[in-house]
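# Remarks on the overall topology
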Amino acid sequence: MSFVLVVVAYAIGCLSPGYFLVRRATGADLRDQHTGSTGARNAGRVAGRRVAAAVLLLDVAKGAAAVGLARVAAASDAVLAACLVAVVAGHVLPVQLRFRGGRGLATALGAMLVLDPVVALVGLGVAVAVAAATRAPTWAGIAAAVAAPIAARLTGGPDAEVAGLVAVAIIVALAHLRP
């Protein structure tokens, strides 16, 4: 059952609302526009604020759904953390889009809101503070991803959660730094 939950989490992550909504709205392949990311920020550049808002909400929702499904299945801390990593990996590296997806932040936020809401809010707070100070959303996202496992450790989160958040921080950082 654990393996199935992780595979389902990856499959949920592979659902790419940015790609499909922009394709529907403009006919363009979002991966060929601006940054090439299928996330909300790039979708907004190509198709406008409404599409960006929809993509953001759907990306957060898919992260929450993947970890929520594992939580409903009474999965262990290790499986919950594996589902967190899998859904973010699916968003960043969707198989059906030849492994060219988004950067993973909104999906990670949704997953963390279900896994550990305090850690999610700390990460969100760090992102807002860094964005306000630097006006650099990329660095704000990376800072939030790095802050999450630290917050989990400081608040007594399970070792599996901390390890999963470290893996997500690495995935998100690499996704932001790829060309």
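Please refer to the structure placed before this passage.
The structure contained in this document is the topic of the report that follows. (Residues numbered from 1 in each chain as written. Predicted model: local features only at pLDDT ≥ 70, side-chain atom pairs only at ≥ 80, totals over all residues. Heavy atoms only, no water.)

## Thoughts on the packing of helix H2 (residues 17-26) against helix H4 (residues 49-72)
Axis separation between H2 and H4 bottoms out at 9 Å; the angle between their running directions is 155 degrees. Looking at the two axes, H2 sits roughly antiparallel to H4. The hand of the H2/H4 crossing is right-handed. In this structure, H2 uses Pro17, Gly18, Leu21, Val22 and Ala25 to contact H4, whose residues at the interface are Val51, Ala54, Val55, Leu58, Asp59 and Lys62. Taken together, the residues of the contact of H2 with H4 sort by class into 8 nonpolar, 1 polar and 2 charged. (Axes fitted to C-alpha atoms, helices over the stretch in contact; angles between N-to-C directions. Helix = DSSP H or I, 4+ residues; strand = E, 2+ residues; numbered from the N terminus. Parallel < 35°, antiparallel > 145°, perpendicular 65-115°, else oblique. Left-handed = near helix turned anticlockwise from the far one by under 90°. Contact = heavy atoms within 4.5 Å. Nonpolar A, V, L, I, M, F, W, Y, C, P; charged D, E, K, R; others polar.)

## Here we look at the nonpolar core
Leu84, Val87, Val88, Met112, Val119 and Leu165 are the most contacted members of the largest nonpolar core, which has 36 residues in total. With 9 residues, the top contributor of residues to this core is helix H5 (residues 77-92). Look past the residues within four positions of Leu165 in its chain and what remains in contact with it is Leu84, Met112, Val119, Ala145, Ala148, Pro149 and Ala152. Val22, Ala40, Ala43 and Val55 belong to the second largest nonpolar core, which has 6 residues in total. (Core = buried A, V, L, I, M, F, W, Y, C linked by side-chain atoms within 4.5 Å. Buried < 20%, exposed > 50% of the residue type's maximum accessible area, 1.4 Å probe, protein only.)

## Some details on the packing of aromatic side chains
Tallying each qualifying case throughout the model produces 1 aromatic pair. Here Tyr19 and Phe20 contribute two aromatic rings whose centre-to-centre distance is 5.1 Å and whose plane-to-plane angle is 85 degrees, an arrangement assigned as edge-to-face. The exposure class assigned to Tyr19 is buried, which follows from its relative accessible area of 11%. In this structure Phe20 comes out as partly exposed when scored by relative accessible area, which is 47%. (Phe/Tyr/Trp six-rings, centres within 6.5 Å; stacked < 30°, edge-to-face > 60°.)

## Things to note about the packing of helix H1 (residues 2-14) against H5
Remark: H1 packs on H5, axes separated minimally by 6 Å, with the N-to-C direction vectors making an angle of 30 degrees. By the angle between their axes, H1 is roughly parallel relative to H5. Seen along the crossing, H1 lies across H5 with a hand that is right-handed. Of H5, the residues touching H1 (which contributes Ser2, Leu5, Val6, Ala9, Tyr10, Ile12, Gly13 and Cys14) are Val79, Ala82, Cys83, Ala86, Val87, Ala89, Gly90 and His91.

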